[in-house]
Structures are given as structure tokens and as C-alpha cells.
Amino acid sequence: MSEQTQRIAIVTGAARGIGAATARRLAADGMAVAVVDLDEAACKRVCEEIEAAGGRGLAVGADVSDESAVTAAVERVVAELGAPTVLVNNAGIIRDNLLFKMTVEDWDAVLGVHLRGAFLCTRAVQGHMVSQGWGRIVSLSSTSALGNKGQANYAAAKAGIQGFTKTLALELGRFGVTANAVAPGFVETEMTRATAERMGASFEELRKAAAEQIPVGRTGTPDDIAHTVSFLVSEGAGFVSGQVMYVAGGPRN
Ligand code: NAP
């Protein structure tokens with residue numbers, strides 16, 4: 001694909017886990033991919049993998065909850081790759097605790113990265129999509145949006161992502177832009193490893209217990225989620241918008 005016709009994608013939180021798998025997948029699909037995360041050196045490692053496989057990547061260090069950092073990151077993408085028309089809002093953190101022990105800092109940090117981050121990145125990128133008359137926005141929700149003990153902050157953020165997505169679909173559809181959310185269940189990443197640690201269980205114990213509750217009999221991998229994102233951002237998915245796709249090995253989790 002020539003650089004003139006190649007789609008430019010931004011994937012946030014892409015230094016590892018679901019974001020890194022998604023960045024690699026979109027590059028394999030033929031897009032040039034900006035790998036955005038807090039640690040630019042870690043982003044570079046993902047870009048090296050992308051380039052080793054014949055793709056085009058750009059490492060961008062930025063905190064998605066910081067308005068000026070997001071503006072600067074998008075400006076760099078435009079200057080070095082081109083105007084982005086695909087955005088995957090994936091950056092995320094957890095600060096789990098039961099409500100009575102949850103601090104205001106834990107609440108603000110989680111809402112800040114997931115919701116404020118998705119808002120800032122989408123607002124910074126949507127103009128490029130509108131001017132090209134084509135765009136794809138995918139934001140990571142979670143089965144936790146349906147409620148999960150110890151995750152009042154995270155569940156609120158992930159439910160918020162769903163309302164945000166449906167509103168984007170309504171506002172941007174007439175410009176050729178779709179917006180969808182992917183809501184994974186248990187996926188094997190550093191995030192679920194951190195959950196195991198907090199619960200005082202080994203990761204393998206937690207993974208096995210989760211797999212027993214999942215209809216397809218296994219937990220998810222980052223590539224399972226990347227595959228779904230790949231579909232939603234594809235050229236042919238232009239009539240799919242405002243949807244929440246649960247990717248959880250069953251109807252809910
Ligand atoms: P992960 O392995 O923890 O990766 C998240 C990445 O986001 C990390 O590289 C992290 O960087 C980065 N990040 C955190 N705060 C950021 C910020 N302010 N700006 C930019 N980047 C930031 O998590 P994951 O499991 O791949 O999850 C990816 C997304 O899927 C998240 O939105 C998560 O909520 C969602 N999800 C995950 C699961 C699951 O089971 N794993 C299930 C449902 C939904 P640092 O390491 O430097 O903090």
C-alpha cells in the first residue's frame with residue numbers, strides 16, 4: 001500500500017497487553033500505527049516488532065489524561081505518519097478496592113485515564129476523520145461495566161465508555177465515522193496478573209477459576225481482542241456503529 005492511501009491508526013496504551021497486540025494486528029492489516037503509551041521506550045519495542053514484520057510504526061510517549069500531551073501526541077502523528085483516521089482508546093489502569101476503602105485519588109485516577117483519556121484523544125483526532133469523510137473509533141469497555149465487586153471506579157468508567165461511544169456514533173455517523181466499544185471478559189495480561197496479586201492468588205489459579213466460568217472453557221488472549229478491533233476498524237464495517245461487542249467467550253463473561 002502506498003503511503004498516500006495507507007490508513008493511519010493511533011492505539012493508546014499500546015506498549016503491552018491488548019494495546020500492543022492491537023497495534024501489531026492493525027499494522028499487519030496494512031495500517032501505519034502510532035503506538036502511544038506513558039513510556040516511549042516501551043512503545044519503541046512494539047514499533048520494532050511492527051517494523052520487523054514489514055509494517056510502519058511510530059512510538060509516542062504521552063499520558064492520555066493530559067490535554068496538552070494528547071494535543072502534542074496527535075500533532076506528532078500528523079507530522080510523522082499522516083492524518084489519523086483510526087483511533088483505539090485502550091489505555092487503562094485499575095485501582096481496585098471496596099467502596100468504603102476507595103480513595104478519591106483511586107476514583108479520579110481511573111476515571112481520568114479511561115474516560116477523560118478517551119474523551120481527549122477522540123476530540124483531538126475526530127477533526128481529521130471528519131475532514132476525510134471516514135473514520136473508525138473503537139474504545140475498550142469491559143464486562144465490569146455490568147458491575148464488579150471491588151471495581152466501583154473501573155465499572156463506572158467502563159459503563160461511561162459505552163455511553164460515550166453511542167453518543168459519538170450519533171454525532172459523527174454523518175461524516176462517515178463509526179464508533180464502537182469492545183467489552184472483553186478475562187484476558188491474560190499484566191492487568192489480570194495485578195488482580196491475582198491483589199487477591200493473594202497465583203495468576204494460574206485465577207485464570208483456571210475464570211476459565212471454569214466461561215462458556216468456551218478458556219480465558220481470552222490479547223489477540224482475541226485485537227481480532228475484534230481489526231474487524232470494527234475495517235473498511236467493510238462501515239454499517240456497524242454505536243455497538244458494544246462483548247468479547248468474553250460467552251454472553252457476559
Ligand atoms: P495493561 O496490560 O495494564 O496495559 C495497559 C497499558 O496502558 C499499559 O502499557 C499502561 O502503561 C498504559 N497506560 C496506563 N495509563 C496510561 C496513560 N495515562 N496514558 C497512556 N497509557 C497509559 O492492560 P490490558 O489488560 O492490556 O488492558 C487494555 C484495555 O483493555 C484497558 O482499557 C482495560 O481496562 C481493558 N480491559 C482489559 C481486560 C483484561 O482482562 N485484561 C478486560 C476488560 C477490559 P503503564 O504500564 O506504564 O501503566
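All values derive from a computational prediction rather than experimental measurement. (Residues numbered from 1 in each chain as written. Predicted model: local features only at pLDDT ≥ 70, side-chain atom pairs only at ≥ 80, totals over all residues. Heavy atoms only, no water.)

1. A closer look at the overall build of the protein
Okay, so step 1: Scanning the protein for helices and strands turns up 8 helices and 7 strands.
Okay, so step 2: Over its C-alpha atoms the protein spans a radius of gyration of 17 Å, differing by no more than 12% from the 18 Å that the globule rule assigns to 253 residues.
Okay, so step 3: Taken along the three principal axes of its C-alpha coordinates, the protein extends 50 × 35 × 35 Å.
Okay, so step 4: By the burial criterion, 51% of the 253 residues in the protein qualify as buried.
Okay, so step 5: Excluding contacts between residues fewer than 6 apart, the proportion of contacts in the protein whose partners are at least 24 apart in sequence is 70%.
Okay, so step 6: Of the roughly 11,700 Å² that the protein leaves accessible, carbon and sulfur atoms contribute 53%.
Okay, so step 7: Side-chain charges in the protein split into 23 positive and 27 negative, and the spacing between the mean points of these groups amounts to 5 Å. (Helix = DSSP H or I, 4+ residues; strand = E, 2+ residues; numbered from the N terminus. Rg over C-alpha atoms; globule rule 2.2 N^0.38 Å. Buried < 20%, exposed > 50% of the residue type's maximum accessible area, 1.4 Å probe, protein only. Contact = heavy atoms within 4.5 Å. Areas by Shrake-Rupley, 256 points an atom, 1.4 Å probe, with all protein chains shown as cover. Lys, Arg positive; Asp, Glu negative; His and termini not counted. Charge placed at Lys NZ, Arg CZ, Asp CG, Glu CD.)

2. A few points about the packing of helix α4 (residues 104–132) against helix α5 (residues 152–172)
Okay, so step 1: Two elements in contact, α4 and α5, have axes whose closest approach is 9 Å; the angle formed by their N-to-C orientations is 15°. By the criterion of interaxial angle, the relationship of α4 to α5 is roughly parallel. Between α4 and α5 lies a crossing whose hand is right-handed. Side by side, α4 and α5 meet where D106, W107, V110, L111, H114, L115, A118, F119, T122, Q126 and V130 of the first sit next to A152, N153, Y154, A156, A157, K158, G160, I161, F164, L168 and L172 of the second.
Okay, so step 2: Each residue belonging to the contact of α4 with α5 can be placed in one class, and the counts come to 15 nonpolar, 5 polar and 2 charged. (Axes fitted to C-alpha atoms, helices over the stretch in contact; angles between N-to-C directions. Parallel < 35°, antiparallel > 145°, perpendicular 65-115°, else oblique. Left-handed = near helix turned anticlockwise from the far one by under 90°. Nonpolar A, V, L, I, M, F, W, Y, C, P; charged D, E, K, R; others polar.)

3. Some words on helix α8 (residues 222–232)
Okay, so step 1: Buried residues of α8: P222, I225, A226, T228, V229, S230 and L232, and no others.
Okay, so step 2: Buried residues in α8 make contact with α1 (17–28), β4 (86–89), β5 (135–140), β6 (177–184) and β7 (244–247).

4. Section: the domain arrangement of the protein
Okay, so step 1: Domains assigned within the protein are domain 1 (8–185 + 223–245) and domain 2 (187–219).
Okay, so step 2: Averaged C-alpha coordinates put domain 1 and domain 2 at centres separated by 23 Å.
Okay, so step 3: Taken together, the 12 residues of domain 1 in the interface contact 8 residues of domain 2.
Okay, so step 4: Surface buried jointly by domain 1 and domain 2 totals about 740 Å² across both partners, of which 63% is contributed by carbon and sulfur atoms.
Okay, so step 5: Of all residues in domain 1, the largest losses of buried area upon contact with domain 2 belong to I94, D96 and D224, amounting jointly to 45% of the total for that side.
Okay, so step 6: Applying the counting rule to domain 1 against domain 2 returns 2 salt bridges.
Okay, so step 7: R198 serves as the salt-bridge partner of D96, at 3.0 Å between the closest nitrogen and oxygen.
Okay, so step 8: For the interface between domain 1 and domain 2, the tally reads 3 residue pairs in polar contact (both at pLDDT 80 or more). (Domains from an automatic or database assignment. Buried area = accessible area lost by both parts, 1.4 Å probe. Salt bridge = Lys/Arg side-chain N within 4 Å of Asp/Glu carboxyl O. Polar contact = N/O pair within 3.5 Å; in protein donor to acceptor, adjacent residues only side chain to side chain.)

5. Re the site of the ligand
Okay, so step 1: Among the 28 residues in the neighbourhood of the ligand, the closest are listed as D37, D63, N90, Y154 and T189.
Okay, so step 2: The contact in question runs from an oxygen atom of the ligand to an N or O atom on the backbone of N90, over 2.8 Å.
Okay, so step 3: Compared with its free state, where it exposes 890 Å², the ligand has 90% of that area covered by protein.
Okay, so step 4: Taken together, the elements giving at least two residues each to the shell around the ligand come down to α1, α4, α5 and α6 (190–199).
Okay, so step 5: A per-class count over the shell around the ligand returns 13 nonpolar, 10 polar and 5 charged.
Okay, so step 6: In terms of domain composition, the shell around the ligand takes at least three residues from each of domain 1 (8–185 + 223–245) and domain 2 (187–219). (Near = heavy atom within 4 Å.)

6. Here's the deal with the environment of A169
Okay, so step 1: On the secondary structure map, A169 appears in helix α5.
Okay, so step 2: Separated by 30 residues in the primary sequence, A169 and S139 place their C-alpha atoms 12 Å from one another.
Okay, so step 3: Each residue touching A169, except ones within four places of it in the same chain, is listed here: A179, S241 and G242.

7. Some remarks on the packing of α1 against helix α2 (residues 40–52)
Okay, so step 1: Running from N to C, α1 and α2 point in directions that differ by 30°, and their axes come no closer than 10 Å. If you check the angle between α1 and α2, you find them roughly parallel. Here the hand of the crossing between α1 and α2 comes out right-handed. Within the contact between the two elements, α1 uses A20, A23, R24 and A27 and α2 uses V46, E49 and I50.
Okay, so step 2: Of the residues that constitute the contact of α1 with α2, the class distribution is 5 nonpolar, no polar and 2 charged.

8. Thoughts on the sheet that holds β5
Okay, so step 1: The parallel open sheet is built from 7 strands, whose spatial order is β3-β2-β1-β4-β5-β6-β7. Pairing within the sheet leaves two strands with one partner each, and these edge strands are β3 (56–61) and β7. Geometrically, the sheet is characterised by an average inter-axis angle of 20° between neighbouring strands, direction not taken into account.
Okay, so step 2: Bridge count for strand β1 (residues 8–12) against strand β2 (residues 32–37) is 5 bridges, and the pairing is parallel. The residue bridging T12 from the neighbouring strand is V36, located in β2.
Okay, so step 3: Packed on one face of the sheet, α4 meets β1, β4, β5 and β6 and runs near 175° to β4.
Okay, so step 4: In the packing of α5 onto the sheet, the strands contacted are β5, β6 and β7, and the crossing angle to β6 comes to about 160°. (Pairing = 2+ DSSP bridges.)

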